[in-house]
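Commentary on secondary and tertiary structure
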Amino acid sequence: MSSSFEQPYIEFKHRPTYAEVCLNSLRYNLGQIQGFVGGAKVMAVVKANGYGHGFEAVSKALQTAGVHSFGVAYIEEAVELRTLGITAPILVFGGLLKEQLDLYIKHDIEVTASSVTKMEQIDEAAARLGRRARVQLKVDTGLERIGVHYYSAPSLFDAALKAKHCDVVGVYSHFADVRKEDLTLTKLQLERFQECLRYFEARATAPFMRHIAASGGLMALKESHLDMVRPGLSLYGVYPSPGLAATLPLKPVLSLKSQVVYFKVVKKGAGVSYGHTWIAPEDTRVVTVPIGYGDGFLRRLSGSSDVLIRNTRHPIVGAICMDQLMVNVGQGVAYNGDEVVLFGQQGNQRISVEEVAQASGMSPYEILVTLNQRIPRVFLG
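Residues numbered from 1 in each chain as written. Predicted model: local features only at pLDDT ≥ 70, side-chain atom pairs only at ≥ 80, totals over all residues. Heavy atoms only, no water.

What to know about the pairing of strand β17 (residues 312–317)
Rule in force here: Any two strands are treated as partners once DSSP identifies two or more bridges connecting them. Starting at the N terminus, helices and strands are each numbered in turn, a helix being any DSSP run of H or I of at least four residues and a strand any DSSP run of E of at least two.
As paired strands, strand β16 (residues 306–309) and β17 are joined by four bridges and run antiparallel to one another. Each residue of the ladder has a partner; that of Val-307, found in β17, is His-314. Bridge count for β17 against strand β18 (residues 325–330) is two bridges, and the pairing is antiparallel. Bridge pairing in β18 links Val-317 to Met-326.

Side note on unusual backbone geometry
Rules: Only protein chains enter the accessibility calculation, which uses a 1.4 Å probe. A residue is then buried if its area is under 20% of the maximum for its type, exposed if over 50%, and partly exposed in between.
In this model, His-276 sits at a positive phi of 45°, which is unusual for a non-glycine residue. Locating His-276 in the fold gives a position in the loop between β13 (271–272) and β14 (278–279). Given the relative accessible area of 46%, His-276 is considered partly exposed. Of note, Arg-310 is a non-glycine position whose phi angle comes to about 55°, a positive value. Mapped onto the fold, Arg-310 is located in the loop between β16 and β17. For Arg-310, a relative accessible area of 45% puts it in the partly exposed group.

With respect to the layout of surface pockets
This is how the line gets drawn: A cavity here means a set of 1 Å grid points, computed over protein atoms only, where a 1.4 Å probe fits but cannot escape. A pocket is an open set with protein on both sides within 12 Å along at least 5 of 7 lines, and lining residues have an atom within 4 Å of a point. Grid points are joined across faces, edges and corners, and a volume is the space filled by probe spheres set on the points.
Estimates place the volume of the largest pocket at around 860 Å³. What lines the largest pocket is a set of 33 residues, and nearest its centre among them are Lys-47, Arg-145, His-174, Ala-214 and Tyr-365. Listing elements by their share of the lining of the largest pocket, those giving two or more residues are α3 (47–51), β9 (209–214), α10 (215–220) and α12 (364–369).

Quick notes on the packing of aromatic side chains
As a reminder of what qualifies: Working definition: rings of Phe, Tyr and Trp (its six-membered ring) pair if their centres are within 6.5 Å, and the pair is stacked with planes under 30 degrees apart, edge-to-face with planes over 60 apart, and tilted otherwise.
For the coordinates displayed, the defined rule picks out seven aromatic pairs. Geometrically, the ring pair formed by Tyr-51 and Tyr-365 is tilted, given 6.2 Å between the ring centres and 50° between the ring planes. Separated by 314 residues along the polypeptide, Tyr-51 in helix α3 and Tyr-365 in helix α12 bring together distant segments of the chain. Under the relative-accessibility criterion, Tyr-365 is labelled partly exposed at 34%. A centroid spacing of 6.1 Å and a plane angle of 25° characterise the contact between Phe-157 and Tyr-199, whose relative ring orientation is stacked. Here Phe-157 is found in helix α8 (residues 153–162), whereas its partner Tyr-199 is found in helix α9 (residues 184–201), with 42 residues between them in sequence. Looking at Phe-157, the relative accessible area reads 0%, which means it is buried.

Brief notes about the pairing of strand β2 (residues 41–45)
Side-chain direction in a regular strand flips from residue to residue, so the side chains alternate between the two faces of the sheet. When you tally the buried positions in β2, you get four out of five residues, the bulk of the element. Two elements, β2 and strand β3 (residues 69–72), share three bridges in a ladder whose sense is parallel. The residue bridging Ala-44 from the neighbouring strand is Phe-70, located in β3.

Observations concerning helix α5 (residues 75–83)
For clarity, the cut-off: Contacts between residues were defined by any pair of non-hydrogen atoms, one from each residue, lying within 4.5 Å.
For α5, the set of buried residues is Ile-75, Glu-77, Ala-78, Val-79, Leu-81 and Arg-82. On its buried face, α5 sits against α3, α4 (55–64), β3, β4 (90–92) and α6 (101–106).

A look at the packing of α8 against α9
Rule in force here: In this analysis, axes come from line fits to C-alpha atoms, helices being fitted only over the stretch in contact, and the angle between any two N-to-C directions falls in the range 0 to 180 degrees. Geometric relationships in this document are graded by angle, where less than 35 degrees denotes roughly parallel, more than 145 denotes roughly antiparallel, 65 to 115 denotes roughly perpendicular, and other angles denote oblique. Left-handed describes a crossing in which the near helix is turned anticlockwise from the far one by less than a right angle; the clockwise case is right-handed. Classification convention: Asp, Glu, Lys, Arg as charged; Ala, Val, Leu, Ile, Met, Phe, Trp, Tyr, Cys, Pro as nonpolar; all other residues, Gly among them, as polar.
Where α8 contacts α9, the two axes come as close as 10 Å, and the packing angle between them is 30°. As summarised for this structure, α8 and α9 are arranged roughly parallel, according to the angle between their axes. As for the relative orientation of α8 and α9, their crossing is right-handed in sense. Here Ala-153, Pro-154, Phe-157, Asp-158 and Leu-161 of α8 lie close against α9, whose contacting residues are Cys-196, Tyr-199 and Phe-200. Of the residues in the contact of α8 with α9, the class split is seven nonpolar, no polar and one charged.

A short note on the environment of Asn-336
Heads up, the rule is: Under the rule applied, a polar contact is a pair of N or O atoms within 3.5 Å (in protein, one hydrogen donor and one hydrogen acceptor; residues adjacent in sequence only if both atoms are side-chain atoms).
With respect to the element layout, Asn-336 can be found in the loop between β18 and β19 (339–346). Under the relative-accessibility criterion, Asn-336 is labelled exposed at 51%. Taking the C-alpha atoms as reference points, Asn-336 and Val-287, 49 residues apart in sequence, are found 8.5 Å from one another. Those residues in contact with Asn-336, other than ones at most four positions away along the chain, are Val-260, Val-261, Tyr-262 and Phe-263. A distance of 3.0 Å separates the side chain of Asn-336 from the backbone nitrogen of Tyr-262, its partner in a polar contact.

Examining the pattern of salt bridges
For the record, the criterion: Within this document, salt bridges are pairs made up of a side-chain nitrogen of Lys or Arg and a carboxyl oxygen of Asp or Glu, the two lying within 4 Å of each other.
Using the criterion set out here, one finds 17 salt bridges in the structure. A salt bridge links Glu-366 to Arg-300, with the shortest nitrogen-to-oxygen separation between them at 3.5 Å. Here Glu-366, found in helix α12, pairs with Arg-300, found in the loop between β15 (284–289) and β16; they are 66 residues apart in sequence, far enough to count as distant. Since its relative accessible area comes to 30%, Glu-366 is described here as partly exposed. Overall, the relative accessible area of 46% leaves Arg-300 in the partly exposed class. One network of salt bridges, in which partners are shared, links Arg-15, Asp-295, Asp-323 and Arg-374.

Quick look at the structure:
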């Protein structure tokens, strides 16, 4: 059943390439995560166009399903969520500039305070606007990206406690490397974070949320669940690393599909696509599919990924072009208009995002978020 915010069917029909997004699978994954983390709240991470799935549809479906809050990278994403009718708390993870603070406060967006200076700037902006700012304090426990170093965290905590126009609603950190087979660094970061929390807990005058675990952390280390978890990739049914696949049953949310638009026989010894990086070893049948790196199906996937046509796997051959790619169907059968699945299910065959990522040396995150707006999203459920 189509959602009320599905793109018009005629728009999809004008382009044979599209991403099919199953919102029922998204809701299922949220339920699985909620059950797995018990009493911990769930902050749904929807940055980068909902990991390529569609910002509006994904966010509205998750809010309706009862997610506690949302996490995004930039203030622009947060403001867009508000304009779309998202009323749940929204945290912006990224670094901020002083000039952006009015937007945070006017739209009731939670601000990441990552230094004493930024904490003071947030308090000054809130005082000037006659409003209270909702603040989350960011502690760097080993990623070396944004946040006060864990050994300097008391100075940030003290500055937050002095602020007269701010409500500290959370303290958080982020894991640098979560691998089920080696959790040494993960556990060290959690220990550092918990030591920082003890300092703040002894001085805070109001309750606040403690969180550090994203998808990998919540699956690999149960003691990292704390008050809240921040699933991103796992919400969309994709595992951050192969070792975590058995931890939690998830359903892929997005399938990438297209159609055959051209068929030809390539003679033995002929090269295919730019640079002739692939030479036909024998007379073979090659079809053209209208998707390329201009859609975010990157050139790095050339020669490393398969597609499904008529319930059979066939390899992509030659360099992926900006708008097209070629597939060797060998002596098999394919016709113009045949469905092509680049990842997803066809019959009893499946190509997963994780498989495509591993074969190409990319991460599952890259595979999803690089799919751009030229690819229509069709929402089911």
